[in-house]
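Letter by letter, the chains look like this.
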Amino acid sequence: MPAPKDAIVKPPPFTYHRPATRFEVDELLGEYGADAKLLAGGQSLVPMLNMRQMSPAHVIDLGGLVGEPSVPVWRGAESTLWFGPLVRHVAVEKSRAVLEGAPLLSKAMDMVAHPPVRSRGTFVGAIAHADPASELPAVLVLLGGQVRVRSHNGIRTLAGQELYAGPFELTIAADEWIDEVRLPPGRRSDRFAIEEFTRRDADFAVCGVAATVREVGDVLVTALAFFGVGATPRRFELSAMSSDDITGGQLDLAVRELVAARLEPHDDIHATAAFRRHLAERLAVRAVRRAATSERSTE
Amino acid sequence: MTTSFVGSSIQRREDDRLLRGEGTFVDDIAMDNTLHAAFVRSEAAHALITGIDVTRALEIDGVVAVLTYDDLAGTPLAAPLRVSQPHPAIRHARTPYPLARDEVHHVGQPIAMVVARDRYIAEDAAAVVHVDYQHLPVAVDLVGAARGEDGPAHSDMDGNVYASLSEHVGDVDAVLAKAEHVFEYDLRYERAAGTPLEGRGLLATFDELGGRMRLWDSTQAPMMVCHGLAPLLGLEPEQIEVISPDVGGGFGTKAFQLYPEEALVPWAARWLGAPLKWIEDRKEAFVGSNQLRSQVTHVKVAVDGEGHLLALDVRYLHDNGAFCQFGILVPSVTASELSGQYRIPNLRFSFDAVYTNTTQCSPYRGSGQPYATFVVERMMDWVARDLGIDRAEIRRRNFIPPQGMPYDTGLSFPHGNRSVYDSGQYPAQFETLLEAIGYDGFAAEKAAAAAEGRRIGLGLTCYVDVGGTGPYESTKVTVLPDGSVSVVAATSDTGQGHETMYSQLVADQLGVPMERVRVTTGDSRRTQYGFGTWGSRTAAVGGSSAVQAAATVATKAKAIAARLLEVDAGDLELADGAVRVKGAAHVAVPLTELVIPARFGRTSGGESSPGLTAASYWSPSAMIFSSGAHGVVVEIDPETYDLNILRYVIAHDCGKVINPMLVRGQVLGGFAHGIADAFYERRHYDNAGQLLNQNLMGYLVPFASEIPQVEVRHMESSSPVSIHGVKGAGEAGSVPVPTAIASAIEDALGFPIDAMPQSPLTLFELAQRHGR
Amino acid sequence: MRVSPGEQVTVKLSVNGIVHDVAVESRWLLSDVLRHQLGLTGTHVGCENGACGCCTVIVSGQPARACLLFAIQLEGAEIETVESLAAPDGELHPLQESFRRHHGLQCGFCTPGQLMNAKPLYRQAPEMPDCELRSALSGMICRCTGYQGIVDAVRDAARIEDEREDAK
């Protein structure tokens, strides 16, 4: 991110577009591509504009899209949980469908920003913003969610894992955008937890981790996705363990190995890479133990 | 009976308008044809400016002017701003040019001023002014800068030390040489800033016909701004109307003379012939508004076997940022309190004040006092540890007893009086604290927690807090023809509730209902001589002047009424808006009927001057010190090193209390700043002098969720210095908090905490270093 | 709809129940339009990147940061600012009254934002544990009070309101 210039907190001039259909968005992005930015909730975009960390020539406001649902909905034969481009955080937070179908996401929503930001910010927008400190991309990746990517050339579907190229960076082209996020239905036996460390209430995470624990026969299969540590969210599985392993030292060892081998934390003023590794280990152990000992989510 | 407002928690008169959104902050004032300023600020911490290209900025539609140093040539603004607090110890005074001439000394220093039709356009233009820099060596680290290893911060200096000062009482060296125990400790404190929520702001308009400049300024010190501005504008102070309207917090940041913008905006408004507004944005506030807190200290202390303090030698470095407009005020304030609450017969301090290529420093809530408390009180904990004496007991053995008051520390206070404590009950206050925090039972509590794998610790600190600093403050009290009372005070309110406070004081003196008192503060049209609001001084010094002025008015009223009623003035009292005979309330003259006789100036009747009016320039004859003790129990998460405050107790003594609700508000507000200073707020500079956290997401001002509940115990040791026994309350809440937290974290984790602020990261690193 | 830089378009903004036709440029922030176009200066601006909470207003029933919204986005939305809180006869809203009683403000700069942030939640506040209430009020910086007065005020506002209802 370029250093913002001093004395600047008003947005730069831009041409404003308010299309009424997704098709029109495709056309506008086809025309302006990298010179355009999409505005949905604006809770990440507008601060960056105000500080002139970016100066897009065109801003395309999705707020005028007609007929878009404002809440997450079940869709399709497999009961996929489906989020349109105008579903705000507050709607996810209060959604019964999410509570039942993706309770981990419900839990994560408690950690996302403050109410005046949740009231405007959108779920799809947060997924697309690719902030490595955000809980939501990690949850998407952990739960095996997908995004639908579209442009004037057509529509394709990407696994969440394939979406992220780096901090604030997606793998999709400049004329493409994400118009849907889909989460698969959770299994009844899945258990989960999310742990994060912030300096103040509801700040972006210095380090965090979401965990799912699934019973497979006699053993427990644990998957983790970290945030605030590393450039992009990735899903990691630990080798299968018994529940005794999880309450005992085996889990600590497995997590330490994973963190040492697979995470590449960064330094900033709140945490050095070494502290982030330490936090990642401790929070992961906490999360897995909590998940493993929690009530099953959907029974 | 006369009513008494003083001592009551009267609701604030300021609140109604503020709650309705009807306050008037600078940016709320709209004038037709107002132009808007934005500044191009240095992106380099230390560099020569080799070129400024304003061409593209001037091409933007709506841009009126782009000013650089060259445009100021031949004006008083082409010279560096003044040192407003000079001191003979300053060997190398360096202050900024309003717009940088050829060398910039910190990121954020103004280089060019853009004026445009609106702020959006002004920022568009500021963004395309191109500045070429030739980078120079940068000094950021205080120790490196002091040793001359980094920098120099000013290319015309050899090193970075601009002033040195030392003072002593007794024979420190002799005692250190033969004492039973001598201990040495090192301590460090890092940079933070006041960070008021409303940034600085200015709206200037010049009346050509009347020859008057009017400046609305979000400042704590309008009279100082007025007098500082006069020579720059070539006007008399009385031609400059500086008005401090509602001000959205100050905390010292806005008690300054002068910021570059404060000179440039009024000057340019006159030059352009149009009202000109500049509202500091948050980005500018982080690099352009003053900061404070970095000091590095080495302590040598001599004690006997029982822990009695025999001699103390304190050497420290003070980081003043790039300039020294406030001289050496802050490190001198530190020096004045190095005796803490203790008898220390032999005492010496010496400090070097140092330039670095960072934003300039000036007082922020507490000024130099948090360092003094940190040094003295951490030392007390460590001496206790090193001698194997209980932390509370060593303090008991060294307290200045109440019968020792007033107590002369032997040290000076900057710009005036000696550092003499006027009153206080330190031992009793401390016992109150120990009882409330549960000191005696804590060892068992800690052991029980440890058995559960929890790390808890108890922290203690005592402190003194100077309030009521001079030189003087002015208030004018007048009974108006309708019988209402006007109070004009030179101080400026930034949220303390001065309108309420002055009303309480004056209403009591004149026996009128509070709603009959109107209060004007911070308006140089109404008064010229006075200072402003900082250093916990307004209630004590401004308050004393208000009481004195009102008492003079009351004396005049009685003298006139005595003639009219043909009674002795000594038999009269003021109550219910009238002067009446004590014990015979029906024999009375309403104040309204005294206004005309007073105006006709029957001075031969004994009144000193015409009018039911009096001005007081009350000056404290000695220093005024509040005091207190803080205790805290914290828990540190052994995995994340996060801080959880389990309980916090403040025992607090600020003398007589005018309004308990307001005092509590000051104490709790200060407390939150203290928590911030202990664990959340720190201005992080990199080695190139770039501020890494330039916004409120990276600079962690605590929310309600980070600030715990506090138990406050009040005591009242009336000040013999102020007229009404009042001391200061504005800073005491914040001064000792980091020290108490440091003491508690040390107790919880078992390794020394010798630097503030701490954070989960620093505690993690300390724990690693100590093998925990 | 397409609006070029510098071009002004008229939007219908519903603020405090009154629909205003306001000419705006696309980049003008709601906070600036409220303050400088409509003269509603009770909404204050503290950081302009959504981090301080001063500019919090209510948009369609939910608290929102006015500095993170472009006025042009808000046609059709119901915007409420601090100026709407007191009753038409001037009586302070129970929240305002409670802030006064509990010394929930000092300089008053953050106060309008605090009030608007608290408005949707103060009815639930009496039942909330202290840490939950403090968390609900987080994200809103107050630099003066140390928050205790604000927490107390939000907790007590519903009682003040009920007391008033009973008196009627």
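Keep in mind that this is a model prediction, so the values were computed, not measured.

1. Some thoughts on the interface of chain C and chain B
Interface size is often expressed as the accessible area that is lost when the parts come together. With 44 residues of chain C at the contact, the number on the chain B side is 40 residues. For the side of chain C that touches chain B, the elements supplying multiple residues, two or more each, are helix H2 (94-101), helix H3 (111-118), helix H4 (130-136) and helix H5 (148-167) of chain C. A class-by-class count of the residues in the side of chain C that touches chain B yields 20 nonpolar, 17 polar and 7 charged.

2. Structural notes on the environment of His-103 of chain C
Tracing the sequence through the fold places His-103 of chain C in the loop between H2 and H3. Given 25 C-beta atoms within 10 Å, His-103 of chain C falls into the buried group. For the pair His-103 of chain C and Glu-80 of chain C, spaced 23 residues apart in sequence, the C-alpha to C-alpha distance is 24 Å. In this structure His-103 of chain C touches Met-661 and Gly-665 of chain B together with Gly-149 of chain C, once residues within four positions along its chain are discounted.

3. What about the packing of H2 of chain C against H5 of chain C?
All names here are of chain C. In the contact formed by H2 and H5, the axes pass within 8 Å of each other and the chain directions differ by 120°. Taken together, the axes of H2 and H5 are oblique relative to one another. Note that H2 runs across H5; the crossing there is right-handed. Residues Pro-94, Leu-95, Glu-97, Ser-98 and Phe-99 of H2 form the contact with H5, whose own contacting residues are Ala-153, Asp-156, Ala-157, Ile-160, Glu-161 and Arg-164. For the contact of H2 with H5, a count of residues per class yields 6 nonpolar, 1 polar and 4 charged.

4. With respect to the confidence of the model for chain A
Averaged over every residue, the pLDDT of chain A is 93; residues scoring 70 or more account for 95%. Predicted confidence for residues 1-5 of chain A stays below pLDDT 50, and this span has 8 contacts to residues more than four positions away or in other chains.

5. Quick look at the interface of chain A and chain B
Taken together, the 23 residues of chain A in the interface contact 31 residues of chain B. The dominant element in the side of chain A that touches chain B, judged by the number of residues it contributes, is helix H11 (residues 273-293) of chain A, at 4 residues. Looking at the side of chain A that touches chain B, its residues break down into 12 nonpolar, 3 polar and 8 charged.

How each quantity is defined
- Residues numbered from 1 in each chain as written.
- Chains lettered and ligands numbered in written order.
- Predicted model: local features only at pLDDT ≥ 70, side-chain atom pairs only at ≥ 80, totals over all residues.
- Contact = placed C-beta atoms within 7 Å.
- Helix = DSSP H or I, 4+ residues; strand = E, 2+ residues; numbered from the N terminus.
- Nonpolar A, V, L, I, M, F, W, Y, C, P; charged D, E, K, R; others polar.
- Buried ≥ 20, exposed ≤ 12 C-beta atoms within 10 Å, placed from the backbone.
- Axes fitted to C-alpha atoms, helices over the stretch in contact; angles between N-to-C directions.
- Parallel < 35°, antiparallel > 145°, perpendicular 65-115°, else oblique.
- Left-handed = near helix turned anticlockwise from the far one by under 90°.
- pLDDT = per-residue confidence, 0-100.

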